[in-house]
Amino acid sequence: MKLNVDKEADALYLRLDDSPIVESEEVSPGIVLDYNESNEVIGVEMLHLSKRSSNLNLSALQFETV
């Protein structure tokens, strides 16, 4: 699993595995899901991060496993 935050593009991308992307779908404005050949979601992209939260601090990402 990989998380990529691109401050210049104002985007976040979560990649769940390395299988090839065969299709992408924008499911909501600025939210794109990537699918593999088994139609499983393997990536999630969020665009326009700074517009989604006024308190967003990309330098202070926290990871939590429960």
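Details of the structure are given in the entry above.
Residues numbered from 1 in each chain as written. Predicted model: local features only at pLDDT ≥ 70, side-chain atom pairs only at ≥ 80, totals over all residues. Heavy atoms only, no water.

(A) Structural context of the overall build of the protein. Regarding its fold elements, the protein presents one helix and five strands. Mapped in sequence order, the helices and strands of the protein form the string β-β-β-β-β-α. Referenced to the eigenvectors of the C-alpha coordinate spread, the extents of the protein come out at roughly 35 × 30 × 20 Å. Here the protein holds 66 residues, and 23% of them are scored as buried. Of all intrachain contacts in the protein linking residues separated by at least 6 positions in sequence, the fraction that spans at least 24 positions is 31%. Surface accessibility of the protein: about 5,200 Å² in total, with carbon and sulfur atoms responsible for 48%. One finds the centroid of the 5 positive side-chain charges in the protein at a distance of 8 Å from the centroid of its 13 negative side-chain charges. (Helix = DSSP H or I, 4+ residues; strand = E, 2+ residues; numbered from the N terminus. Buried < 20%, exposed > 50% of the residue type's maximum accessible area, 1.4 Å probe, protein only. Contact = heavy atoms within 4.5 Å. Areas by Shrake-Rupley, 256 points an atom, 1.4 Å probe, with all protein chains shown as cover. Lys, Arg positive; Asp, Glu negative; His and termini not counted. Charge placed at Lys NZ, Arg CZ, Asp CG, Glu CD.)

(B) Fine view of a nonpolar patch on the surface. A contiguous nonpolar patch, built from Met1, Leu16 and Val41 and spanning about 310 Å² of accessible area, is present on the exposed surface. Structurally, the position occupied by Val41 is in strand S5 (residues 41-47). (Patch = residues over 30% accessible without salt bridge, like charges linked within 9 Å, V, L, I, M, F, W, Y side chains within 5 Å. Salt bridge = Lys/Arg side-chain N within 4 Å of Asp/Glu carboxyl O.)

(C) Highlighting the pairing of S5. Where strand S2 (residues 11-15) and S5 come together, five bridges link them in antiparallel fashion. By the bridge assignment, Leu14 is partnered in S5 with Val44. Here strand S4 (residues 31-35) runs beside S5; their pairing, made up of five bridges, is antiparallel. Note that in S5 the partner of Asp34 across the bridge is Gly43. Hairpin connection, S4 to S5: the antiparallel pair is bridged by five residues, and Asn39 has positive phi, about 65°. (Pairing = 2+ DSSP bridges.)

(D) View of the side chain of Asp10. Within the secondary structure layout, Asp10 lies in the loop between strand S1 (2-6) and S2. Summary of buried charges: Asp10 has no salt-bridge partner, and the nearest side chain of opposite charge, Lys51, is 6.4 Å away. Here the side chain of Asp10 touches Ser50 through a polar contact of 2.7 Å, side chain to side chain. Not counting residues up to four positions away in its chain, the partners in contact with Asp10 are Met46, Leu47, His48, Leu49 and Ser50. (Polar contact = N/O pair within 3.5 Å; in protein donor to acceptor, adjacent residues only side chain to side chain.)

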